[in-house]
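# Fold and contact review
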Amino acid sequence: MNPLRSLLLDRDGTLIRDAHYLADPAGVELLPGVGEALRDLAGQGVRFFVVSNQSGIGRGYFVEHAAHDCNARMAELLGVFGVELAAVRFCPHAPEAGCACRKPGLGMWRELAEEFRLQPAECGMVGDKIEDLAFAAGAGLALRVLTLTGKGGKTLEVLCRPTDPLSRPDRRAAGPLPRLDRNAAGHAPHLIIENFRQLVRGIALWSA
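Reference entry: report on the structure contained in this document.

## Overview of the nonpolar core
- Membership of the largest hydrophobic core comes to 31 residues, with the highest contact counts inside it found for Leu 7, Leu 15, Leu 38, Phe 48, Met 74, Phe 196 and Leu 199.
- Listing elements by their share of this core, those giving two or more residues are β1 (6-9), α1 (34-43), β2 (47-53), α3 (64-79), β5 (143-147), β7 (191-193) and α8 (199-207).
- Apart from residues no more than four positions distant in its own chain, Leu 15 is found in contact with Leu 9, Asp 10, Glu 29, Leu 30, Leu 31, Val 34, Leu 38, Val 50, Met 74 and Phe 196.
- Counting 18 residues, the second largest nonpolar core, distinct from the first, contains Phe 49, Met 108, Ala 136 and Leu 141.

Below is the structure:
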């Protein structure tokens, strides 16, 4: 299996607390374990790219500059852990705009892949929504990770088959380790984590 060289990351509900149309950088708050996990992965040579849907701009809830300010604050908080982001991209359009960049559309992936010569077989995606998983599947990324932070719990409920007790989003059943399925089909996650504290070990298990 090829080593993971690049990790694409959703923003709200994945890296930072989902504040619902966040427009104030004062409200940016890293979720538990994010800084530490990315620091450890960076030490292994992994690069990080943020890909985020920011429909609040297209809906007229806030201006594009506010999104840049929030991203700058996020980068500042990650910098405390010595983590640098290779690039941050976001889609500013409302869902009805029919753009190519809104996840699960692949516009942001194609742009990053061309600029940074990203290879799908060496990339993974972490997110809390079905759109993130479908984005990763459409791009052919090697690893799809669902985090149960943000809207991740609801996403898992949608993905799970009610008759399969091993798939139910039962936190007690999850145990201390991430749940892993190397053969996940469609846009199902290969890896399910409670939060970023499980990410580094989960990726190590996946890579083994």
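So, next bit.
## Description of helix α6 (residues 152-159)
- By the burial criterion, the buried members of α6 are Gly 152, Thr 155 and Leu 156. End-on, the buried residues of α6 take up no more than an arc of 100 degrees, which puts them together on one face. Pointing more than 90 degrees away from the buried face of α6 are the exposed residues Lys 154, Glu 157 and Val 158.
- Residues of α6 that are buried make contact with α5 (130-139), β5, β6 (179-180) and β7.

## Some remarks on the sheet that holds β6
- The 7 strands lie next to each other as β3-β2-β1-β4-β5-β7-β6, forming an open sheet whose pairing is mixed. Two strands close off the open sheet at either side, each with one partner strand: β3 (87-91) and β6.
- In terms of strand pairing, strand β4 (residues 123-127) meets β5 through 4 bridges, oriented parallel. Bridging from a neighbouring strand, Gly 127 pairs with Leu 146 of β5.
- Along the sheet face, helix α4 (residues 107-116) touches β1, β2, β3 and β4 and points at about 155 degrees away from the line of β3.
- Sitting on the sheet, α5 touches β1, β2, β4 and β5, and the angle it makes with β5 is about 175 degrees.

## Quick word on the pairing of β1
- Side chains Ser 6 and Leu 8 of β1 all project onto a buried face; the interleaved residues Leu 7 and Leu 9 project onto the opposite face, where all are buried too.
- As paired elements, β1 and β2 share 4 bridges and run parallel to each other. Opposite Leu 9, over in β2, you have Val 50 as the bridge partner.
- For the handedness criterion, the β-α-β arrangement of β1, α1 and β2 is classed as right-handed.
- In this sheet, β4 lies alongside β1 in parallel orientation, the contact comprising 4 bridges. Bridging across to β4, Leu 8 finds its partner in Met 125.

## Brief notes about the environment of Leu 4
- Along the chain, Leu 4 turns up in the segment before β1.
- Between the C-alpha atoms of Leu 4 and His 65, which are 61 residues apart in sequence, the distance is 32 Å.
- Apart from the residues lying within four places of it in its own chain, the contact partners of Leu 4 are Val 46, Glu 122, Cys 123, Gly 124, Leu 143, Ile 203 and Trp 206.

So, how was this worked out
- Residues numbered from 1 in each chain as written.
- Predicted model: local features only at pLDDT ≥ 70, side-chain atom pairs only at ≥ 80, totals over all residues.
- Heavy atoms only, no water.
- Core = buried A, V, L, I, M, F, W, Y, C linked by side-chain atoms within 4.5 Å.
- Buried < 20%, exposed > 50% of the residue type's maximum accessible area, 1.4 Å probe, protein only.
- Helix = DSSP H or I, 4+ residues; strand = E, 2+ residues; numbered from the N terminus.
- Contact = heavy atoms within 4.5 Å.
- Arc of directions from axis to C-beta.
- Pairing = 2+ DSSP bridges.
- Axes fitted to C-alpha atoms, helices over the stretch in contact; angles between N-to-C directions.
- Right-handed = clockwise from strand over helix to strand, strands pointing away.

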